[in-house]
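Reading the structure
In case you want the letters, here they are:
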Amino acid sequence: SDLFLGCELTASTKSYTFQVDEEDDSDHILALSVVCLMDGAKDECNVVEVVGRNHENQEIAVPVANLKLSCQPLLSLDNFKLQPPVTFRLATGSGPVHLAGWHRF
């Protein structure tokens, strides 16, 4: 089944974490489809990172989008698949950045 997922990253809310109940053993996938700047964004670089953990439980942050109003206000990620728990973080810029995708389980 699919659930639509949306969240917004701003200067005051710089991260959003998506997680599922640890006792739930079904296979959860988060598919990220679009990252875009919202009304009110300044013309500055807005870097969105996906933060996860490696097999040694160290934090790894990978930039997935660098948005700027004048050159790239929107990025289509074609259902970029991630396994929860996953955190999206606004590493640079003040947003607002909207993330949309699907939670499949």
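Residues numbered from 1 in each chain as written. Predicted model: local features only at pLDDT ≥ 70, side-chain atom pairs only at ≥ 80, totals over all residues. Heavy atoms only, no water.

The protein chain has the name NPM3 protein in an unreviewed UniProt entry, where Ceyx cyanopectus is given as its organism. The record in UniProt for the protein chain states the following under Sequence similarities (unreviewed entry): "Belongs to the nucleoplasmin family." (UniProt positions renumbered as here; feature names shortened; annotations may be inferred.)

Attention now moves to the pattern of salt bridges. One pass over the structure, following the stated rule, counts 3 salt bridges. With a closest N to O distance of 3.3 Å, arginine 104 and aspartate 2 form a salt bridge. Here arginine 104 is found in strand β8 (residues 97-104), whereas its partner aspartate 2 is found in strand β1 (residues 2-9), with 102 residues between them in sequence. According to the relative accessible area criterion, aspartate 2 is partly exposed, its value standing at 42%. The partner of glutamate 59 in a salt bridge is arginine 89, with the nearest N and O atoms 3.5 Å apart. In this pair, glutamate 59 is assigned in strand β5 (residues 59-67) and arginine 89 in strand β7 (residues 86-92), connecting sequence segments 30 residues apart. (Salt bridge = Lys/Arg side-chain N within 4 Å of Asp/Glu carboxyl O. Helix = DSSP H or I, 4+ residues; strand = E, 2+ residues; numbered from the N terminus. Buried < 20%, exposed > 50% of the residue type's maximum accessible area, 1.4 Å probe, protein only.)

Let's shift gears to the environment of aspartate 25. Turning to its location among the elements, aspartate 25 is positioned in the loop between β2 (15-18) and β3 (29-37). You can call aspartate 25 exposed: its relative accessible area is 77%. When the C-alpha positions of aspartate 25 and phenylalanine 105 are compared, they lie 10.0 Å apart, and in sequence the two are 80 residues distant.

What follows concerns the layout of surface pockets. Empty space within the largest pocket amounts to approximately 170 Å³. Forming the boundary of the largest pocket are Val50, Val51, Gly52, Arg53, Ile60, Val62, Val64, Phe80, Leu82, Gln83, Pro85 and Val86. Of all the secondary structure elements, the ones that give two or more residues to the lining of the largest pocket are β4 (46-53), β5 and β6 (74-82). No other element matches β4, which puts 4 residues into the lining of the largest pocket. Grouping the constituent residues of the lining of the largest pocket by class yields 9 nonpolar, 2 polar and 1 charged. (1 Å grid on protein atoms, 1.4 Å probe; cavity = no way out; pocket = protein on both sides within 12 Å on 5 of 7 lines; lining within 4 Å. Points joined across faces, edges and corners; volume = space filled by probe spheres on them. Nonpolar A, V, L, I, M, F, W, Y, C, P; charged D, E, K, R; others polar.)

With antiparallel pairing, the 4 strands of this open sheet are ordered in space as β1-β8-β3-β6. With partners counted over all chains shown, the strands left at the sheet margins are β1 and β6, one partner each. Strand-to-strand, the axes of this sheet are offset by a mean angle of 15 degrees, without reference to chain direction. Judged from the 6 bridges that link them, β3 and β6 form a sheet pairing that is antiparallel. Bridged to valine 34 within β6 is serine 76. (Pairing = 2+ DSSP bridges. Axes fitted to C-alpha atoms, helices over the stretch in contact; angles between N-to-C directions.)

On to the sheet that holds β4, then. Spatially, 4 strands are ordered β2-β7-β4-β5 in an open sheet, and the strand pairing comes out antiparallel. For this open sheet the edge positions go to β2 and β5, each flanked by a neighbour on one side alone. Averaged over all adjacent pairs, the angle separating strand axes in this sheet is 25 degrees, with direction ignored. Summarising the sheet, β4 and β5 pair through 8 bridges and their orientation is antiparallel. When the sheet's bridge partners are listed, glycine 52 is paired in β5 with isoleucine 60.

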